[in-house]
Amino acid sequence: MDKAVGNFGSGWTWLVYDTADTKLKIVNTGNAGMPEGTQRPVLTMDVWEHAYYVDFENRRPDYAAEYFKIVDWEVVAANLARASQ
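Summary of the structure given here. (Residues numbered from 1 in each chain as written. Predicted model: local features only at pLDDT ≥ 70, side-chain atom pairs only at ≥ 80, totals over all residues. Heavy atoms only, no water.)

**Section: the sheet that holds strand β3 (residues 39-46)**
Spatially, three strands are ordered β2-β1-β3 in an open sheet, and the strand pairing comes out antiparallel. Whereas interior strands pair on both sides, the edge strands pair on one side only; in this sheet they are β2 (23-30) and β3. The sheet shows a mean angle of 25° between the axes of neighbouring strands, taken without regard to direction. Two elements, strand β1 (residues 11-18) and β3, share seven bridges in a ladder whose sense is antiparallel. From the neighbouring strand, Asp18 faces β3, where its bridge partner is Gln39. In the packing of helix α4 (residues 73-83) onto the sheet, the strands contacted are β1, β2 and β3, and the crossing angle to β3 comes to about 155°. (Pairing = 2+ DSSP bridges. Helix = DSSP H or I, 4+ residues; strand = E, 2+ residues; numbered from the N terminus. Axes fitted to C-alpha atoms, helices over the stretch in contact; angles between N-to-C directions. Contact = heavy atoms within 4.5 Å.)

Below you can see the structure in the form of C-alpha cells.
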C-alpha cells in the first residue's frame, strides 16, 4: 500500500509477475504507463486523483485502504496463475 500512496502525481500501481526472475513485484507507472518487458500485470490500482477524489478528496491512503477491502483475491490468484505459465 505504501508504494501506491507514494506514487507521485497521477498513475498506476501494479502487482506484477516478473518472468525474468519469477518474482512478484510492486511497480509504479506514471500517467498512462504500463509494466513492460518481462513484467506481467496481476493487479492494478488507479491512483489518478479522479479515481478517489469524490469519496476521499485528497486522502489517497484512505482510498488505498478501502481498495484492498474490495479486491477479489480469487481473481488475482487466477491472474497470477496465468502470468506464471
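**Structural notes on the environment of Met34**
By the secondary structure assignment, Met34 is in the loop between β2 and β3. C-alpha separation for the pair Met34 and Val5, spaced 29 residues apart in sequence, amounts to 18 Å. Those residues in contact with Met34 that lie beyond four places of it in its chain are Trp14 and Thr29.

**With respect to the nonpolar core**
The biggest cluster of nonpolar side chains holds 14 residues, and the ones touching the most others in it are Val42, Leu43, Met45, Tyr63, Tyr67, Val71 and Val76. Residue assignment for this core shows that the elements contributing at least two residues are β3, α3 (60-70) and α4. (Core = buried A, V, L, I, M, F, W, Y, C linked by side-chain atoms within 4.5 Å. Buried < 20%, exposed > 50% of the residue type's maximum accessible area, 1.4 Å probe, protein only.)

**Let's talk about the pattern of salt bridges**
Scanning the entire structure with this criterion turns up five salt bridges. For Asp62, the salt bridge goes to Arg59, with nearest N and O atoms at 2.8 Å. By relative accessible area, which is 36% here, Asp62 ends up partly exposed. Members of the salt-bridge network, linked through shared partners, are Asp18, Asp21 and Lys25. (Salt bridge = Lys/Arg side-chain N within 4 Å of Asp/Glu carboxyl O.)

**Examining α3**
All of the buried residues in α3 are Arg60, Tyr63, Ala64 and Tyr67. The arc enclosing the buried residues of α3, seen along the axis, measures out at 100°, which places them on a common side. Buried positions along α3 lie against α1 (2-5), β3 and α2 (53-56). (Arc of directions from axis to C-beta.)

**Quick notes on α4**
If you check which residues of α4 are buried, you get Val76, Asn79 and Ala83. For α4, the angular spread of the buried residues around the axis is 60°, confining them to a single face. Within α4, the exposed residues directed more than 90 degrees away from the buried face are Glu74 and Arg82. Contacts made by the buried residues of α4 are with β1 and β3. Between the side-chain oxygen of the N-cap and the backbone nitrogen of Glu74 there are 3.2 Å, and the N-cap of α4 in question is Asp72. (Polar contact = N/O pair within 3.5 Å; in protein donor to acceptor, adjacent residues only side chain to side chain.)

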